[in-house]
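# A structural walkthrough
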Amino acid sequence: MKNLFRTGTKTENPQMSENKTLSAAPSFFVENLNPEQFEAVCHTGGHILVFAGAGSGKTRVLTSRIAFLINEKGVPPSEILAVTFTNKAAREMKNRVGEFVPDKISGIWLGTFHSICSRILRNDIEKLDLGYTNDFVIYDTGDQTNVLKKILAEMNVNEKILPPGVVRSRIERFKRDNKFPPSQSSFSPGEKYVFEKMQAMEKYSAALKSANALDFNDLLCLVDRLFEKNKDVLEKYRARFKHILVDEYQDTNRVQYQFIKMLGRNNAEICAVGDDSQSIYGWRGAEIKNILGFADDFPGSKIVRLEKNYRSTATILDASNAVIDNNVHGVKKNMRTDRDSGEPIGIYEARNEFDEADFVVSKIKSLVETGNFSPGDFAILYRTNSKSRLLEDSFLREDGISCVVVGALSFYNRAEIKDLISYMRLLFNSADDAAVLRIINTPSRGIGDATVEKLSEFASLNGISIMEAIHRVPQEDFLKKRAVEAVGKFALMIENLSQSAKGVGAAETLKAIVEKTGYRGFLEKDENKKENIDEFINSAHEFDERGEGEADSRNFVEQIALTSDSDTETGDDTVKLMTLHASKGLEFPVVFIVGVNEKVIPLVRDNNYDEIEEERRLFYVGMTRAKERLFLCYPIQRKFYGREETMISSQFFDEIPEELKKYEDFKPAFRYRAETEPDEDTQPLFTPVPKSSLKIARGFAAGGFVRHDKFGRGKVVKVEGTGDNADITVLFPSAGRKRILASFLKKL
């Protein structure tokens, strides 16, 4: 790498005075930029990598750069490609650019990787000669799982032995790594059921192709294949896009990286923006080496660092920097802020998880009562979704403050909405077997499981879709008369709906489906689901009114399919509960991070150092969501499979300087205390120990951490004596309290 690592030297970015006048700025959209932002916006004549630290204004840089290219450099909007990861980020960028150049926004290709690749495939997928047509449908996770369930059942494979979700995850991983279809050597040594997985994957590909359907990863993989196999197509897009802007470059996986690299060859200028310190998606294929190796991939690139944080107080920023500086692999950034110190980091050592949850809710209530904050100003972050239950329970016991779990079941994943989406999909793609299987008897129309099974079997034996099998029913003799009538009525209804959908908007089509299928009556007295249907129709109206492309059912359904799980809306005035991963890209006045314990944060196997570094980056992301106040909480006991387990605070917690911390007091309600809790006048197990009173023996100190060959990592509770014969009382997560000679311990 070229001087990008923490141990390296400064990059070529000049140290510009913060007070430098930008009077030469050519237009209003570059006013009030700091020197580094200005440099990133106005650089032309080559590739540029912008290391944008947390809260440093990267979205402003990207949108201002697009406006600068159009207004000041005369770049036609059609020559600009801007790619991001979520629809929410794409909408925000589009809105901001629209404020700068309102009459030119429509010509820019701006969207997520998936939406951009879908657009390319709509134009050129038939040139792959794989049997797909440009009216393909996009299968979501639920559709994929249903296809695999059917395949495994046909293979007589027990789902409990080989769950469809396991096969789906394997397919996704191979496609992300551009290794699909896999060979036997692609699987891990000793991995079970390799033959069955390979057979299921082969059948899965055939099923999707037969349905003219693509999954999310196909959108990326097939574009890469299209560019590799059809150089004329690649050259067409290279000639079109002279400027390529990529948001969150640290999150790119191998296929996305290859997509940008292929398009960026020759005469295009790439502007990649990202932060290696916020690379937290290694588990889903993101490769941090993509951003760290940018200068090697694109020689002569300009490197700019955005190091001024506009979000957090100085204390929050100092604490976050102290944590992330412990990572070895990464780019050294000297993040700074003009904000004052603010409040210290609040620390609460809870007796157990009940106590922890009650403290958080009580603290939020007291801060709201000051009048300085409202419930919508708070976010509670945790490592895994299971941590939300006790917090939700505590909110239920507290009057006046409500919470919402962000990332729970999304609107478009509700059963009634997925049913209507399946109807819409079937209208423009009769080969969509997943859609047929979902709605052929919803609402009930007398088509039972046995009939569906016979239709599926006939379709499979003849290599046709289920809808084609239904159309052949009158000429074949494999269904009873009553079933023939039922499927005939279904086919006629779909044909009529398909005809009526031509030339009308998505909302009209959706209303026709609800009316002709009798779906509203099917819901009977479920008013919530009926309201969801009305809201869905409103969504279709909004889509039609926006006029984005052709306002029809196919484009409406595609927009829904491309909606990412990470498109988090946080506008209502309730406390937000979410995972650390879900918090990426958000900010809140007050943030609580709970469960800051070893084995939880970091959540790693076998002390894998690369995994620990990613977990540290994840913790850093959580910390830097906070604007005014940050609280870190950890329980010293928890229940695990019905038994009490002793916990210790995370190693990341100990990387924060003590002078930045303030330990919180809280007396929990008696009914939530553990049975083993000490009496009122007994000191808590981990009372914070002032540095001046620490007792030292061979460098060991109460409150510090040690490692033992057998028991692993533990926290020092008490030190007696000096030298190698000192008695050290240590609390180990796996073994509880142990009294061990100092000579058998290693200080961490």
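So, here's what we can say about the structure. Here the structure is a predicted model, which is why all the values come from computation and not from measurement.

Our next topic: the overall build of the protein. Across its full length, the protein carries 25 helices and 22 strands. Partitioning the intrachain contacts of the protein with sequence separation of at least 6 by distance along the chain shows that 74% fall at a separation of at least 24.

Below, the discussion takes up the pattern of salt bridges. Tallied over the full model, the rule gives 45 salt bridges. Measuring nitrogen to oxygen at the nearest pair gives 3.7 Å for the salt bridge that ties Asp 297 to Lys 261. Taken together, the positions of Asp 297 in helix H12 (residues 294–297) and Lys 261 in helix H10 (residues 254–264) put the pair 36 residues apart, joining distant regions of the chain. Both residues of the pair, Asp 297 and Lys 261, belong to the buried class. As a salt-bridge pair, Arg 425 and Asp 432 come within 2.8 Å of each other at their nearest N and O atoms.

Our next topic: the pairing of strand E9 (residues 345–350). Burial of E9 is extensive: six of the six residues sit out of reach of the surface. Here E9 shows no split at all, with Ile 345, Ile 347 and Glu 349 on one side and Gly 346, Tyr 348 and Ala 350 on the other all buried. As paired elements, E9 and strand E17 (residues 661–663) share three bridges and run parallel to each other. Counterpart to Gly 346 in the pairing with E17 is Lys 662. Both E9 and strand E14 (residues 626–635) contribute to a ladder of five bridges, which runs parallel. Bridge pairing in E14 links Ala 350 to Pro 635.

Time to look at the sheet that holds E17. Sheet strands line up and pair through hydrogen bonds in the backbone, either parallel or antiparallel. Read from one edge of the open sheet, seven strands run E11-E12-E10-E13-E14-E9-E17, paired in parallel fashion. Either end of the sheet is taken by a strand with one partner, and the two such strands are strand E11 (403–405) and E17. Direction aside, neighbouring strands of the sheet carry axes that sit 25° apart on average. In the sheet, strand E10 (residues 378–382) pairs with strand E12 (residues 575–579) via four bridges, with the strands oriented parallel. When the sheet's bridge partners are listed, Leu 381 is paired in E12 with Met 578. The strands touched by helix H15 (residues 388–397) within the sheet are E10, E11 and E12, with E12 carrying the most contacts at an inclination of about 170°.

If you check helix H20 (residues 481–500), its first and last C-alpha atoms are 29 Å apart, about what 20 residues at 1.5 Å a residue would give, namely 28 Å. All of the buried residues along H20 are Ala 483, Ala 486, Val 487, Phe 490, Ala 491, Met 493, Ile 494, Leu 497 and Ser 498. Down the axis of H20, the smallest arc covering the buried residues is 160°, so these residues share one side. Residues of H20 that are exposed and angled more than 90 degrees away from the buried face: Lys 481, Arg 482, Lys 489 and Leu 492. The secondary structure elements touched by the buried residues of H20 are helix H16 (415–428), helix H17 (433–439), helix H18 (449–462), helix H19 (466–472) and helix H21 (506–517).

Strand order in the open sheet formed by six strands is E3-E2-E6-E7-E1-E8, with parallel pairing between adjacent strands. Each end of this open sheet is capped by a strand with a single partner; those strands are strand E3 (109–112) and strand E8 (302–306). Looking at each pair of strands side by side, their axes are set apart by 15° on average, direction ignored.

Procedures and definitions
Residues numbered from 1 in each chain as written. Predicted model: local features only at pLDDT ≥ 70, side-chain atom pairs only at ≥ 80, totals over all residues. Heavy atoms only, no water. Helix = DSSP H or I, 4+ residues; strand = E, 2+ residues; numbered from the N terminus. Contact = heavy atoms within 4.5 Å. Salt bridge = Lys/Arg side-chain N within 4 Å of Asp/Glu carboxyl O. Buried < 20%, exposed > 50% of the residue type's maximum accessible area, 1.4 Å probe, protein only. Pairing = 2+ DSSP bridges. Axes fitted to C-alpha atoms, helices over the stretch in contact; angles between N-to-C directions. Expected span 1.5 Å × (residues − 1). Arc of directions from axis to C-beta.

So, to be careful, I would describe these as geometric facts and stop short of saying anything about function.
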